[in-house]
Amino acid sequence: MSTATPQKFEFQAEIKQLLDIVIHSLYTEKEIFVRELVSNASDALEKLRHTQLTEKDIFEESQSLEISLTTDDKAKTLTIQDYGVGMTREELVKNLGTIAHSGSKQFLKSLSEGGQKNSNLIGQFGVGFYSAFMVAKSVKVYSHSWKKDEPGHVWSSDGSGSYEVEQVDGLSRGTKIVIELKDDCGEYATEGRVKDILERYSAFVSFPINLNGKHINTVTALWLRSKNEIKEEEYTEFYKFQSHAYDEPLMRLHFSADAPLSINALLFVPKENTEKLGFSRLEPSVSLYCRKVLIDAAPKDLLPEWLRFLKGVVDSEDIPLNISRETMQDKALIEKLNKVITKRFLKFLDEEATQRPEEFAKFYATFGIFLKEGAAMDFTHKDQLVKLLRFESSLTEKTKNTSLAEYVSRMGSEQKEIYYLVGKNRAAIESGPYLEGFKARNLEVLFCYEPVDEYVMNNVREFDGKKIIAADHGDVKLADIPKAEGALSDDQVKELTKWLKDTLGDRVAEVKSSDRLVDSPALAINSDKFMSAHMRRMMKAMDKDGADTPVKVDLEINPRAAVMKRLYESHTTSPDRSKLVAEQILDNALISAGLLEDATPMVARLYKLLETV
Ligand code: ADP
Ligand code: MG
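Below: a short report on this structure.

Definitions and cut-offs
Residues numbered from 1 in each chain as written. Chains lettered and ligands numbered in written order. Predicted model: local features only at pLDDT ≥ 70, side-chain atom pairs only at ≥ 80, totals over all residues. Heavy atoms only, no water. Phe/Tyr/Trp six-rings, centres within 6.5 Å; stacked < 30°, edge-to-face > 60°. Helix = DSSP H or I, 4+ residues; strand = E, 2+ residues; numbered from the N terminus. Buried < 20%, exposed > 50% of the residue type's maximum accessible area, 1.4 Å probe, protein only. Lys NZ or Arg CZ within 6 Å of the ring centre and 35° of its normal. Pairing = 2+ DSSP bridges. Axes fitted to C-alpha atoms, helices over the stretch in contact; angles between N-to-C directions. Contact = heavy atoms within 4.5 Å.

Turning to the packing of aromatic side chains, a few remarks are in order. Evaluation of the coordinates by the stated rule reveals 25 aromatic pairs. On the numbers, 5.5 Å between centres and 70 degrees between planes, the contact of Phe-204 with Tyr-289 is edge-to-face. Residue Phe-204 is located in the loop between helix H6 (191–201) and strand E8 (209–211), and its partner Tyr-289 is located in strand E12 (residues 285–290); the two are separated by 85 residues in the primary sequence. Take Tyr-289: its relative accessible area is 4%, and that puts it in the buried class. An aromatic cluster of three or more residues is present, and its members are Phe-9, Phe-11, Phe-129, Tyr-130, Phe-133, Trp-155 and Tyr-163. Above the face of the Tyr-235 ring, Arg-252 is positioned so that its terminal group lies 3.8 Å from the ring centre. Above the plane of the ring of Phe-255 lies Arg-344, whose end atom (NZ or CZ) is 5.4 Å from the centre.

What follows is the structure, given as structure tokens:
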């Protein structure tokens, strides 16, 4: 029952402008109005809790601090009620009729700066209370202040330029907002739809939220609780809920920081790397919260690209207390968050690697590929990432990894460079001709099995002041080892290499005696410095220009090998057969180098050779 006549007010000009944009926007994520109104309700409850600390005389003191939503799909209304501080008549006029607060002001500012066409802005800024007009025919705000002597009022508007305020008796403390929905927005009067929205945006709000009498937000904001109070199962439950996962996480990092930013973060590494399993590229999915309210479920720049496998939550209070979600648009703030979190996560991995190497190895087997990506592309974090890289090597056992630091610690005083070889697997590298020269000289070689490794090594380039270089690269120079008994003499080698060059013609750039070979008769070195064998294969797979230029290699021969000695003897006595042997030696070397592109001529030749048996 009203005890005073309704009074009509015009909205301030800026509000009119704002409402016009909100109402006419074709913005698709209209659902965020629920988040905004629930956040306002939560803010009002928080304010009441503060008020209770200092004030004695509070209206309906014992009323419980909770938020209730009611849907009525017949009447097409959605009601949101809180028992917070409420608003007096003056406050209703000031808070809901003028644009004093930061959020909406910032929104208007960015619109005037050319954002007009970007309807997404509403979603980014929230624009708080007024977002209700995206879905409402009319909005009624019933409010009773915590102050005992103030009467209650209803504020109402259809958003078209003016609003009314009228005194109303019999209200509870706090605010009850009744939204009469537009005809095409009836979905917001159905329980299922509203439940989904609440679970998405407001699952961690600290006050109980009830929808049609049922408690919704049963999961607590675990990231804000202290670590030693949290049970293992709680973490797992939270992970499953927040990341929509079915399994347990592989690793977890729960931390808080005060400087340079206040951050509470709970990050998880999942069990599986779905990208590696062949699913599509992962999208960033660590959610950003401000004081338990979801700001963005999947912010793009919160973490570097190579951390896209992480799940979890980052909450920063550094968004000013006056609840303005637009701060989220603050690029500098996101960058700062990114820096702090990445640094902390890298430190965590480093600790895991030293304190729990087995756990780290498990992680590396699944997610190491992301660390490689980071080491190659993220200049800011390259140094820390390179330290975390692991490889098998000629000195490790199969499946046991070593770090670059460990490799360097084993280097002899004469060794200046770090060597690696890329191959399909350990067996392929060990049976190829490239490794033996390094083995004979006690030089360790890292084994790389992944297609990206060459790219990564090329980008990483050096570690601890030592160049990282491919063992099959033309530039590698190895120290002399004593010539074995019975090798071809220098003159014989000269004669044989010249004959080989003449015989093989354009297929080889150069033929020379090798310092890399111990047992194998020959090897091929890609003489194209700008395109390695692996790059060549990749380009071929991608059908890129340049992959079709004929391969030209340097052929290195082993003057100790029986085949070479035999060939030296026969190249003058049976030139035709020797030519076939020479061609076959080259093809064998090309196979080991991964450079043989067409094996058909080789098969025909082999039959010819077999005929001469
Ligand atoms: P913001 O929340 O960013 O301040 P809003 O547009 O969401 O902006 O709300 C405007 C103001 O209206 C709030 O600052 C608050 O003072 C007041 N208000 C809105 N909803 C409520 C509520 N449920 N209870 C009390 N005050 C409210
Ligand atoms: Mg608000």
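Additional details are given in the paragraphs that follow.
In this section: the sheet that holds strand E22 (residues 522–526). Within the open sheet, the 3 strands sit side by side as E21-E23-E22. Their pairing is mixed. Across the chains shown, the open sheet's two edge strands, defined by having one partner strand only, are strand E21 (508–513) and E22. Here the average twist between neighbouring strands, direction ignored, is 20 degrees. Here E22 runs beside strand E23 (residues 553–557); their pairing, made up of 5 bridges, is antiparallel. Bridge pairing in E23 places Asn-526 opposite Val-553. Seen against the sheet, helix H18 (residues 575–593) touches E21, E22 and E23 and runs at an angle of roughly 60 degrees to E22.

With that settled, consider the pairing of E23. Each regular strand carries side chains that alternate between the two faces of the sheet. Extensive coverage of E23 is indicated by the burial of 5 of its 5 residues. With burial as the criterion, each face of E23 is covered, one bearing Val-553, Leu-555 and Ile-557 and the other bearing Asp-554 and Glu-556.

No statement about biological role is implied by the geometric values presented.
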